[in-house]
Amino acid sequence: MATKTIIQTPDAPAAIGTYSQAVRVNDTIYLSGQIGLDPTTMQMADGIEAQIHRVFQNLRAVANAAGGSMDDVVKLNLYLTDLIHFAKVNEIMAGYFRQPYPARAAVGVATLPRGALIEADGVLFLQD
């Protein structure tokens, strides 16, 4: 029987809508999208590099709260308002993930919440 648990941590921004930071169903954790908000001030990080770092820091905080780590991410979705930043995302992402890297999609979008330049969500799988 599947069990569903809501994951919440003050180390990532509070939800700014009708969603949870993450939901765990058995060994799988579904991470909601994170943008470059500082969890303490709820202010957007300044510039693309700072937003990329903040997005990955926020995802890591939620993964940790779920009992996992970035090494447990099996799928990552990236949303960018300008795909010109894709190379910078790859460069910075290498500091948060190790090989073998998760499966990933990168999508160009017109806009993101709060004027963000990047958003990312993901799926973790925890092995016992």
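Look above for the structure.
The rules we used
- Residues numbered from 1 in each chain as written.
- Predicted model: local features only at pLDDT ≥ 70, side-chain atom pairs only at ≥ 80, totals over all residues.
- Heavy atoms only, no water.
- Helix = DSSP H or I, 4+ residues; strand = E, 2+ residues; numbered from the N terminus.
- Polar contact = N/O pair within 3.5 Å; in protein donor to acceptor, adjacent residues only side chain to side chain.
- Contact = heavy atoms within 4.5 Å.
- Buried < 20%, exposed > 50% of the residue type's maximum accessible area, 1.4 Å probe, protein only.
- Arc of directions from axis to C-beta.

K.L.:
Looking at this structure, I do not really get the side chain of Ser 32. What am I missing?
P.N.:
Mapped onto the fold, Ser 32 is located in strand 3 (residues 28-34). Of note is the side chain of Ser 32, whose polar atom sits 2.5 Å from the backbone oxygen of Ser 20. Those residues in contact with Ser 32, other than ones at most four positions away along the chain, are Tyr 19, Ser 20, Gln 21, Ala 22, Leu 59, Ala 120 and Asp 121.

K.L.:
For this particular structure, what's the right way to read helix 2 (residues 86-93)?
P.N.:
Residues three or four positions apart in an α-helix share a direction because the helix packs 3.6 residues into each turn. When we look at burial in helix 2, the residues that qualify are Val 89, Ile 92 and Met 93. All buried residues of helix 2 project into a common sector of 100° when viewed along the axis, lining one side. Residues of helix 2 that are exposed and point over 90 degrees away from its buried face: Ala 87 and Glu 91. Contacts from the buried residues of helix 2 go to helix 1 (48-65), strand 4 (73-80), strand 5 (103-108) and strand 6 (118-125).

K.L.:
Any chance you could explain the side chain of Arg 54 here in plain terms?
P.N.:
Along the polypeptide, Arg 54 turns up in helix 1. Of note is the side chain of Arg 54, whose polar atom sits 3.1 Å from the side chain of Gln 57. Not counting residues within four places of it along the chain, the set of residues in contact with Arg 54 comprises Ile 35, Gly 36, Leu 37, Asp 38, Pro 39 and Ala 45.

K.L.:
When you look at unusual backbone geometry in this model, what are you seeing that I'm missing?
P.N.:
Leaving glycine out, the prevailing phi sign among residues is negative, and the prevailing peptide bond configuration is trans. With an omega of 0°, the peptide bond between Gln 99 and Pro 100 qualifies as cis. In this fold, Pro 100 is placed in the loop between helix 2 and strand 5. Located in the positive-phi region is Asn 26, a residue other than glycine, with phi close to 55°. Here Asn 26 shows up in the loop between strand 2 (22-25) and strand 3. Look at Met 42: it is not a glycine, yet its phi comes out positive at around 60°.

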